[in-house]
Structure formats: structure tokens, C-alpha cells
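Chain by chain, the residues:
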Amino acid sequence: MQLAGPGVFGPPRDPSAARAVLRRAIDLGVDHIDTSQYYGPDVVNDLIREALHPYPEELKLVTKVGARRDRAGRVLPAQRPDELRAGVEANLRSLAVERLDLVNLRLVESTSATSTPLDAQLAALEDLRLEGKIDLIGLSNVDQGQVERTLEFIDVAEIQNLYNILDRRDDELVTFASRHGIAFVPFFPLAGGPARLAADAGIGQVADKHGATAAQIALAWLLARYERMLLIPGTGSVAHLEANMAAIDVELDDGDLVVLDLVPSR
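Quick look at the structure, then. (Residues numbered from 1 in each chain as written. Predicted model: local features only at pLDDT ≥ 70, side-chain atom pairs only at ≥ 80, totals over all residues. Heavy atoms only, no water.)

To continue, consider the packing of aromatic side chains. Inspection of the entire model under this criterion finds 4 aromatic pairs. On the basis of an interplanar angle of 75° and a centroid distance of 5.7 Å, the ring pair of Y163 and F184 is categorised as edge-to-face. Highlighted residues: Y163 in the loop between strand 7 (158–162) and helix 6 (171–179) and F184 in strand 8 (residues 183–187), separated in sequence by 21 residues. No difference in accessibility class separates Y163 from F184, as the two residues are buried. In textbook terms, an aromatic cluster arises when at least three aromatic residues are bridged by ring pairs, as seen for Y163, F184 and W221. (Phe/Tyr/Trp six-rings, centres within 6.5 Å; stacked < 30°, edge-to-face > 60°. Helix = DSSP H or I, 4+ residues; strand = E, 2+ residues; numbered from the N terminus. Buried < 20%, exposed > 50% of the residue type's maximum accessible area, 1.4 Å probe, protein only.)

Here we come to the packing of helix 2 (residues 43–52) against helix 3 (residues 81–95). Two numbers describe a pair of packed helices, the interaxial angle and the distance between the axes. Relative to each other, helix 2 and helix 3 sit at 35°, their axes nearing to 8 Å. Contacts from N45, D46, I48 and R49 of helix 2 reach helix 3 at N91, S94 and L95. Classifying every residue of the contact of helix 2 with helix 3 by side-chain character gives 2 nonpolar, 3 polar and 2 charged. (Axes fitted to C-alpha atoms, helices over the stretch in contact; angles between N-to-C directions. Contact = heavy atoms within 4.5 Å. Nonpolar A, V, L, I, M, F, W, Y, C, P; charged D, E, K, R; others polar.)

Attention now moves to the pattern of salt bridges. All chains considered together, the criterion is met by 19 salt bridges. D34 is the salt-bridge partner of K64, the closest N and O atoms lying 3.1 Å from each other. One end of the pair, K64, is in strand 2 (residues 60–65); the other, D34, is in strand 1 (residues 32–34), with 30 residues separating them in the sequence. With a closest N to O distance of 3.3 Å, R80 and E83 form a salt bridge. Note on R80: relative accessible area 41%, which makes it partly exposed. Overlapping salt bridges, with partners in common, bring together R80, D82 and E83 in one network. (Salt bridge = Lys/Arg side-chain N within 4 Å of Asp/Glu carboxyl O.)

What follows is about the pairing of strand 7. Within strand 7, 4 of the 5 residues are buried, leaving the element largely enclosed by the surrounding structure. The pairing of strand 6 (residues 134–140) with strand 7 spans 3 bridges and is classified as parallel. Looking across to strand 7, one finds that L139 is bridged to I159. Handedness of the β-α-β unit built from strand 6, helix 5 (residues 144–151) and strand 7 comes out right-handed. As for the winding sense of the linkage, the β-α-β connection from strand 7 through helix 6 to strand 8 is right-handed. (Pairing = 2+ DSSP bridges. Right-handed = clockwise from strand over helix to strand, strands pointing away.)

Across the 10 residues of helix 2, 7 count as buried, placing the element largely inside the fold. When helix 2 is considered as a whole, its buried residues turn out to be V43, V44, N45, L47, I48, A51 and L52. On its buried side, helix 2 packs onto helix 1 (15–27), strand 1, strand 2 and helix 3.

Attention now moves to unusual backbone geometry. P41 follows G40 through a cis peptide bond whose omega is -15°. Considering the arrangement of structural elements, one finds P41 in the loop between strand 1 and helix 2. Across the junction of H53 and P54, the peptide omega takes the value 0°, indicating a cis bond. Within the element layout of this structure, P54 appears in the loop between helix 2 and strand 2. The residue V8 is not glycine, and still its phi comes out positive at about 55°. One non-glycine residue, D42, lies in the positive phi region at around 70°.

Within the secondary structure, S115 sits in the loop between strand 5 (100–106) and helix 4 (118–130). A relative accessible area of 40% places S115 in the partly exposed class.

To continue, consider the pairing of strand 6. Summarising burial for strand 6: 5 of the 7 residues are buried, a large majority. Pairing geometry for strand 5 and strand 6, over 6 bridges, is parallel. In the strand pairing of strand 6, L105 is matched with L139.

Structure representation (C-alpha cells):
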């Protein structure tokens, strides 16, 4: 999301710098990129295609559908079956692929009496999967009841929700995902930014012990939380990318986890 312009809308100030971030990510071993055609719209997918196509064989491109942008940049629901199909086709076109590795259904709150039932949305994506345009289906911005409902119809490969060390309201959903072997992808994994993380004494204590930044400790905590946790700390900076990737080398011990588990959460 950080590769587009402000508000994830329009082009970045320096497209060549954005492409450099993508190329450096691959150099560092990144094999999972989370994106969507409505980031921009089209801007981020275009940058990914320009920088990385033809894609490395091991790279997984994960997209999402269920929303659209209007001319003012507002995010609006786009969850009718025809809109979901159009979203998938737009991602296929802009990424220049024949099949998407995983598509998340992003649930968007709607007060409309004509909002599309979840079952109909799932059926539309399953039809696209059977057509060979999608490999796996995930869910974004969901609660446990919606995941359980989905599992009655289709397999769920991924849950993508707000979750980080300062906002652990989805703790039970992470545990549910682990019981069912579903990957969990927390968005906003850096909890609003390094300054907010560094303000917590417990995070600072563990960071000092490891010679790491507060952001790296927050990412390491997520990785320790669940073996199928996939992190997406977006950035438009090569330096920030490299710092985020260094979190992989932070090995938290049981004492660290005790301290971090006591960090106040919303």
C-alpha cells in the first residue's frame, strides 16, 4: 500500500524508487507480496509488473477484491458477483498473470438493504477458482463467525485482519486459524508506527536486550505467535524494507515473550 501516492491513491512521487523497493525485496528473499488492483487504483499492480515481470517462480502474488475506489479516493463496497469477477479480471490484467495465487475477499461494511450475502460472494469466487483464475481463496476484515460460515462452503487459505502487539483483539481468531491450519496475515503489523511502539517500556526493554528496534521486536513477536503468520509491513523505502527484513534474525526467548505478552493491548 505504501508504494502508491498518499492515501493509497494515485502514483507515488518517485515511481523508480518504488520499483527499487520491489526489486530489493526479491533480492532479500521475499516470496509473498500483498497487493490489490484498487491500490491506486492500478498503480501498485502496475509497479509490481514493471519491476518484477516475468515473476520469480517462487513468488506468490496475493490480491484482494470486494472494494473499489471512487474518483475522490473513497473506498466503497464492490461485492456483487459481477463486481467480484471484474475485480479478479482487473488484477489478472494489471499483474499480467493467468491465475492469481490467492485472492482475499475483503468484507466491507454496508448499510445498504441490497448488500450481497456472504454466501453469494463466496460462490462467485469459487466459480472463478474452478475456472482456473484463482488458486486459493482467503478472507479479509472478518470475524470468527464469518470464517466458520465460509468453511461450510469452501477452504480458507488465509485470514487477513488487523492484528499487532498493541492491538490483540483477534487473539482468539489467531488461535482458531492455527487449529484449522489457516495462514494469518496481520495488516498494520507495526501498530501505527515505530514511535508508538517505542513508547512502550516492555517493547523497549526487549529491543535494548537484542540490539534491535521496537519495530523489529513487534514483527518478531508476530512471527513467534504462530508458525503460519505472514507479515506485510508495507514500505516505500529500501532502508525500511531492509530493517523490517532483519526482524527475521531476532530470536525471542521465553522471557522476552512473557514481557511482550504483558504489553497493554486495546
